[in-house]
Amino acid sequence: MLSERRLQVLRAIVQDYVGTEEPVGSKALTERHNLGVSPATVRNDMAALEEEGYIAQPHTSAGRIPTDKGYRLFVDKLAGVKPMSAPERRAIQNFLDGAVDLDDVVARTVRLLAQLTRQVAVVQYPSLTRSTVRHVELLSLAPARVMLVLITDTGRVEQRVIDCPAPFGETSLADLRARLNSRVAGRRFRDVPQLVEDLPDSFDVEDRGTVSAVLSTLLETLVEENEERLMIGGTVNLTRFAHDFPLTIRPVLEALEEQVVLLKLLGETQDPGMTVRIGHENAHEGLNSTSIVSVGYGSGGEAVAKLGVVGPTRMDYPGTMGAVRAVARYVGQILAES
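Residues numbered from 1 in each chain as written. Predicted model: local features only at pLDDT ≥ 70, side-chain atom pairs only at ≥ 80, totals over all residues. Heavy atoms only, no water.

Structural notes on the overall build of the protein chain
Stated precisely, the cut-off is as follows: Segments assigned H or I by DSSP are reported as helices when at least four residues long, segments assigned E as strands when at least two residues long, and all are numbered from the N terminus. Here the globule rule reads 2.2 Å times residues to the power 0.38, and the radius of gyration is calculated from C-alpha atoms. Working definition: with a 1.4 Å probe on protein chains only, accessible area under 20% of the residue-type maximum means buried, over 50% means exposed, and in between means partly exposed. Pairs of residues are marked as contacts when any of their non-hydrogen atoms sit within 4.5 Å. Charged residues are defined here as Lys and Arg on the positive side and Asp and Glu on the negative side; His and the ends of the chain fall outside this count. Taken as the charge centre is NZ of Lys, CZ of Arg, CG of Asp or CD of Glu, depending on the residue.
A tally of regular secondary structure across the protein chain gives 12 helices and 10 strands. What you see for the protein chain is a C-alpha radius of gyration of 26 Å, clearly larger than the 20 Å of a compact globule of 338 residues, by over 25%. Buried positions account for 50% of the 338 residues belonging to the protein chain. In the protein chain, the share of contacts with a sequence separation of at least 24, taken over all contacts with a separation of at least 6, comes to 60%. The positive charge centre, built from 37 side chains, and the negative charge centre, built from 45, are 8 Å apart in the protein chain.

See the structure below:
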């Protein structure tokens, strides 16, 4: 265990390095921070921190910089989540309140996160496996053609056109709409197949072909949309940190193009808490020089997806964690009200 003073020294090193981008020396630390000890004592503390792997010396004549291990201790023990100011919170709310549909919510969230944190923002669309059916609308387009509109609890809307095997009247369509919604409205997507499997049998023989066609289209829509989708923004922010990445930022950019990699990095949606992965804690080699801060968002206290940011390990962790948490909270509120 590190002593309280050495923890203070480590905190000061992280704060100074994040703020100045320059390796930190003992003289600068004692001048900038009220550590209450001499530069010689701070030098001894820094030697001990280096020996234990919390800081490292990038060049022979330079000061010290935090390692992944040092940042990890900082995040776990030394850094609180920096709350957003009232004007910042109002700005977030006003910006997101203007969204017209789910795609717009996700697009605005990506833009907002990238601007607030000056990092790369990643937002996962709400997963339909964890969504519920709000309503199924059936509209007659022609005597034997129907449009199915599926609306989810997260505001997602899916439309499909169905060619029916025989003409299907307005009365029959209204009957099917009512019976279908009485079974599936408010229910989880994964439960829908079981809930509707015997529905065709409750209709007249001549209507069963059309009822089956509508149901199979509905179930196909649920399966199709299970594929996880992401939106990413602010990649240009990485160029401002080019010197934070060894050799080149190309491996980072290549990793960010792989959706599967990003979904793994954001973590399991079932775990809605704040996750911070630092440097080599990221399994993908191209992201070993980055940190990822992510959190779940959703309505009614249950996470339906994740959002987060990717940036260099030299990151303002308290500020980034505060921004990510605040944005997730507002997105959850919008989904609940939509």
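Here the narrative resumes, following the displayed structure.
What to know about the sheet that holds strand β7 (residues 230-233)
Quick reminder of the rule: By the convention used here, strands pair only if DSSP detects at least 2 bridges between them. A fitted line through C-alpha atoms serves as each axis, taken over the contacting stretch for helices, and the angle formed by two N-to-C directions is quoted from 0 to 180°.
Here we have 5 strands laid out as an open sheet, ordered β7-β3-β10-β9-β8, and antiparallel in their pairing. Edge positions in the sheet fall to β7 and β8 (275-278), since each has one partner strand and no second. Across the sheet, the axes of successive neighbouring strands diverge by a mean angle of 15 degrees, strand direction being ignored. For strand β3 (residues 120-124) and strand β10 (residues 305-312), the ladder comprises 4 bridges, and the chain directions are antiparallel. Across the sheet, the residue bridging to Ala121 is Val309, located in β10.

Some remarks on the packing of helix α6 (residues 102-117) against helix α12 (residues 317-337)
Note the threshold: Throughout, the term roughly parallel applies to angles under 35 degrees, roughly antiparallel to angles over 145, roughly perpendicular to angles from 65 to 115, and oblique to all others. Put simply, a crossing is left-handed when the front helix is turned counterclockwise from the back one by less than a right angle, and right-handed when it is turned clockwise. Residue polarity is assigned by list, with Asp, Glu, Lys and Arg as charged and Ala, Val, Leu, Ile, Met, Phe, Trp, Tyr, Cys and Pro as nonpolar; anything else, Gly included, falls into the polar class.
For the pair α6 and α12, the least separation of the axes is 10 Å and the interaxial angle reads 165 degrees. Put simply, α6 runs roughly antiparallel to α12. Here α6 and α12 pass one another in a crossing that is right-handed. Between α6 and α12, the residues in contact are Leu102, Val105, Thr109, Leu112, Leu113, Leu116 and Thr117 and Thr320, Ala323, Val324, Val327, Val331, Ile334 and Leu335, respectively. Tallied by class, the residues present in the contact of α6 with α12 amount to 11 nonpolar, 3 polar and no charged.

Focus on the side chain of Thr210
Within the secondary structure layout, Thr210 lies in helix α9 (residues 205-224). Since its relative accessible area comes to 1%, Thr210 is described here as buried. The residues contacting Thr210, other than those within four sequence positions of it, are Cys164, Pro165, Ala166 and Phe168.

Some points on the packing of helix α5 (residues 86-97) against α12
The geometry of α5 relative to α12 is characterised by a closest axis approach of 10 Å and an angle of 40 degrees between their N-to-C directions. It follows that α5 is oblique to α12 by the angle criterion. Classified by chirality, the crossing of α12 by α5 is right-handed. Packed against α5, whose contacting residues are Arg89, Ile92, Gln93, Leu96 and Asp97, the element α12 presents Ala326, Val327, Tyr330, Val331 and Ile334 at the interface. Its residues placed into classes, the contact of α5 with α12 shows 7 nonpolar, 1 polar and 2 charged.

Focus: the sheet that holds strand β4 (residues 133-142)
The strand order across the open sheet formed by 3 strands is β4-β5-β6, and the pairing between neighbours is antiparallel. Looking at the sheet topology across the chains shown, the edges are occupied by β4 and β6 (157-163). Across the sheet, the mean angle separating the axes of adjacent strands is 20 degrees when strand polarity is ignored. The pairing of strand β5 (residues 145-152) with β6 spans 7 bridges and is antiparallel. Pairing of Val146 across the sheet is with Ile162, part of β6. Against the sheet, helix α7 (residues 170-184) makes contact with β4 and β5, and its axis sits at roughly 165 degrees relative to β4, the strand it touches most.

Looking at a positive patch on the surface
The cut-off we apply is this: Any residue with relative accessible area above 30% and no salt bridge may belong to a patch, with like charges joined within 9 Å and the nonpolar Val, Leu, Ile, Met, Phe, Trp and Tyr side chains within 5 Å. With residues, only the protein chains shown are counted as cover, and all accessible areas are computed by Shrake-Rupley using a 1.4 Å probe. Salt bridges are defined as contacts in which a side-chain nitrogen from Lys or Arg sits within 4 Å of a carboxyl oxygen from Asp or Glu.
On the surface, Arg89, Arg90, Arg325 and Arg329 cluster together to form a positively charged patch. The set of elements that each furnish at least two residues to the positive patch consists of α5 and α12. Mapped onto the secondary structure, Arg325 falls in helix α12. Judged by its relative accessible area of 35%, Arg325 falls in the partly exposed class.

Considerations on the pattern of salt bridges
As enumerated under the stated definition, the model contains 15 salt bridges in all. Within the structure, one salt-bridge network assembled from shared partners comprises Arg5, Arg6 and Asp45.

What to know about helix α4 (residues 68-78)
Inspection of α4 places Gly70, Tyr71, Arg72, Leu73, Phe74, Val75 and Leu78 among the buried residues, and these make up the whole buried set. Looking at the buried residues of α4, the elements they touch are α1 (4-20), β2 (65-66), β8 and α12.

Here we look at the nonpolar core
Let me state the cut-off plainly: Buried Ala, Val, Leu, Ile, Met, Phe, Trp, Tyr and Cys residues that are joined via side-chain atoms within 4.5 Å together make up what is termed a nonpolar core.
Counting 58 residues, the largest nonpolar core has Leu29, Tyr297, Leu307 and Tyr317 as its most contacted members. With 11 residues, α12 is the largest single contributor of residues to this core. Among the nonpolar cores identified, the runner-up in size contains 24 residues, and Val136, Val146, Leu148 and Leu222 belong to it.

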